[in-house]
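Geometric and topological summary
Here are the chains, one letter per residue:
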Amino acid sequence: MAKRTGIIPRASAERILIKAGAKRVSADAVSAFSDIITDLANDVAVQAIRIAKHSGRKTVKEGDVKLAVKH
């Protein structure tokens, strides 16, 4: 299995899965989960940036991120 470099560390992704109730987690599941979280986070970030620009700001604020998650 090739090592992937993502924004979300594998240990953190595994910890999230275990805290959610998983007794054991395979390495492939951790990699897939990490990749999916990274993609979702990127989508939210792009949307939050659009909201901030639409509001005439360069700074992304908490409200922009929360609004981006809702969409």
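Residues numbered from 1 in each chain as written. Predicted model: local features only at pLDDT ≥ 70, side-chain atom pairs only at ≥ 80, totals over all residues. Heavy atoms only, no water.

1. Some words on the overall build of the protein chain
Defined as follows: Numbered from the N terminus, helices here are DSSP runs of H or I no shorter than four residues, and strands are runs of E no shorter than two. Between the two quantities, the radius of gyration covers C-alpha atoms and the globule rule is 2.2 Å times the number of residues to the power 0.38. Exposed residues in this analysis have more than 50% of their type's maximum accessible area, buried residues have under 20%, and partly exposed residues fall in between, with area computed by a 1.4 Å probe over protein chains only. Two residues qualify as a contact provided that any one of their heavy atoms is within 4.5 Å of a heavy atom in the partner residue. For the accessible areas, the method is Shrake-Rupley and the probe is 1.4 Å, while residue cover comes only from the protein chains on display. Residues scored as charged are limited to Lys and Arg (positive) and Asp and Glu (negative), so that His and the chain ends carry no count. Where a charge lies is defined by one atom per residue type, namely NZ (Lys), CZ (Arg), CG (Asp) and CD (Glu).
When helices and strands are tallied, the protein chain shows three helices and zero strands. When the helices and strands of the protein chain are read in sequence order from the N terminus, they spell out α-α-α. A compact globule built from 71 residues would reach a C-alpha radius of gyration of about 11 Å, whereas the protein chain, at 15 Å, exceeds it by more than 25%. Overall, the C-alpha framework of the protein chain stretches about 45 × 25 × 15 Å when taken along its three principal axes. Taking all 71 residues of the protein chain together, 15% fall into the buried category. A separation threshold of at least 6 residues defines the contact pool for the protein chain, and within that pool the share at least 24 residues apart is 26%. On the protein chain, roughly 5700 Å² of surface is accessible, and the fraction owed to carbon and sulfur atoms is 58%. Taken as two groups, the 14 positive and 7 negative side-chain charges of the protein chain have centres that lie 5 Å from each other.

2. As for the side chain of Ser 31
The cut-off we apply is this: A 3.5 Å cut-off defines polar contacts: any pair of N or O atoms within that distance qualifies, except that in protein one atom must be a possible hydrogen donor and the other a possible acceptor, and neighbouring residues in sequence count only when both atoms are side-chain atoms.
Tracing the chain through its elements places Ser 31 in helix 2 (residues 27–54). Separated by 3.4 Å, the side chains of Ser 31 and Arg 10 make a polar contact.

3. Some words on the environment of Lys 53
Positionally, Lys 53 belongs in helix 2. Between the alpha carbons of Lys 53 and Asp 64 there is a distance of 9.9 Å; along the sequence they are 11 residues apart.

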